[in-house]
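The lines below spell out each chain.
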Amino acid sequence: MAIERTFSMIKPDATKRNLTGAITKMMEEAGLRVVASKRVWMSRREAEGFYAVHKERPFFGELVDGMTSGPTVVQVLEGENAILKNREIMGATNPAQAAEGTIRKTFALSIGENSVHGSDAPETAAQEIKYWFSDTEIVG
Ligand code: ADP
Ligand code: MG
């Protein structure tokens, strides 16, 4: 297995409930290391750009509303098999279908307000990291 980097977000539904530390702890306990982190309140333009792949989906407006409703903690996580490992500890998109012990099963409110984002493949991880961080902000 290779050491990888993935992009993660602790979404506004979670930061509003003061869950940044609890969620980060679950990532760290899974063997992932936070190598970059900042708290941002994203603009509509930033949220629409980040989620552009979903712009034709019926939930796009709701998604952008949620992501601009409060602070988000954007992070780069590093570790063995980090992309897949983070998706595993996040759990399914719909918390009703997420496995016990996952972040979404534990904390998510609904399919839309599901507390975390994680990249789904190496190409999207690289793109998403670049969207939010410059190289000098990532310190392993
Ligand atoms: P994931 O975040 O698990 O990769 P997707 O990439 O399919 O899921 O969707 C991106 C985000 O859009 C989800 O995390 C969720 O916040 C929102 N979303 C997805 N499907 C729905 C839906 N049916 N209704 C409302 N929001 C949704
Ligand atoms: Mg996705």
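Cut-offs used in this document
Residues numbered from 1 in each chain as written. Chains lettered and ligands numbered in written order. Predicted model: local features only at pLDDT ≥ 70, side-chain atom pairs only at ≥ 80, totals over all residues. Heavy atoms only, no water. Buried < 20%, exposed > 50% of the residue type's maximum accessible area, 1.4 Å probe, protein only. Helix = DSSP H or I, 4+ residues; strand = E, 2+ residues; numbered from the N terminus. Arc of directions from axis to C-beta. 1 Å grid on protein atoms, 1.4 Å probe; cavity = no way out; pocket = protein on both sides within 12 Å on 5 of 7 lines; lining within 4 Å. Points joined across faces, edges and corners; volume = space filled by probe spheres on them. Nonpolar A, V, L, I, M, F, W, Y, C, P; charged D, E, K, R; others polar. Core = buried A, V, L, I, M, F, W, Y, C linked by side-chain atoms within 4.5 Å. UniProt positions renumbered as here; feature names shortened; annotations may be inferred. Contact = heavy atoms within 4.5 Å.

Here helix 2 (residues 20-29) has its buried residues at Ile-23, Thr-24 and Met-27. Projection of helix 2 onto a plane perpendicular to its axis shows the buried side chains occupying an angular sector of 100°, all on one side. Gly-31 occupies a position one or two residues after helix 2 and carries a positive phi of about 100°.

In this section: the layout of surface pockets. In this approach the atoms are scanned with a rolling probe the size of a water molecule, which exposes any empty space left behind. In this structure, the largest pocket occupies an estimated 660 Å³ of space. Lining the largest pocket are 26 residues; nearest its centre among them are Tyr-51, Val-53, His-54, Leu-63 and His-117. Looking at the lining of the largest pocket, the elements with two or more residues in it are helix 3 (44-50), helix 4 (60-67), helix 5 (82-90), strand 4 (116-118) and helix 7 (122-132). When residues of the lining of the largest pocket are assigned to their parent elements, the largest contribution, 4 residues, is made by helix 7. Tallied by class, residues from the lining of the largest pocket come to 10 nonpolar, 9 polar and 7 charged.

Core analysis: the biggest nonpolar cluster contains 19 residues, and Phe-7, Met-9, Trp-132 and Phe-133 have the highest contact counts within it. Elements that contribute at least two residues to this core include exactly strand 1 (3-10), strand 2 (33-40), helix 3, helix 4, strand 3 (72-80) and helix 7. Residues Ile-10, Leu-19, Ala-82 and Phe-107 belong to the second largest nonpolar core, which totals 14 residues.

Moving on, we get to the UniProt feature "binding site: ATP" (unreviewed entry) in the protein chain. Those residues carrying the UniProt feature "binding site: ATP" (unreviewed entry) are Lys-11, Phe-59, Arg-87, Thr-93, Arg-104 and Asn-114 in this numbering. Those annotated residues lining the largest pocket are, specifically, Lys-11, Phe-59, Arg-87, Thr-93, Arg-104 and Asn-114. Apart from residues no more than four positions distant in its own chain, Lys-11 is found in contact with Tyr-51, Met-67, Pro-71, Thr-72, Arg-104, Gly-112, Asn-114, Ser-115, Val-116 and His-117. By secondary structure assignment, the location of Arg-104 is in helix 6 (residues 103-107). Residues contacting Arg-104, with those up to four places away along its chain left out, are Lys-11, Met-90, Gly-91, Ala-92, Thr-93, Pro-95, Ala-98, Asn-114 and Val-116.

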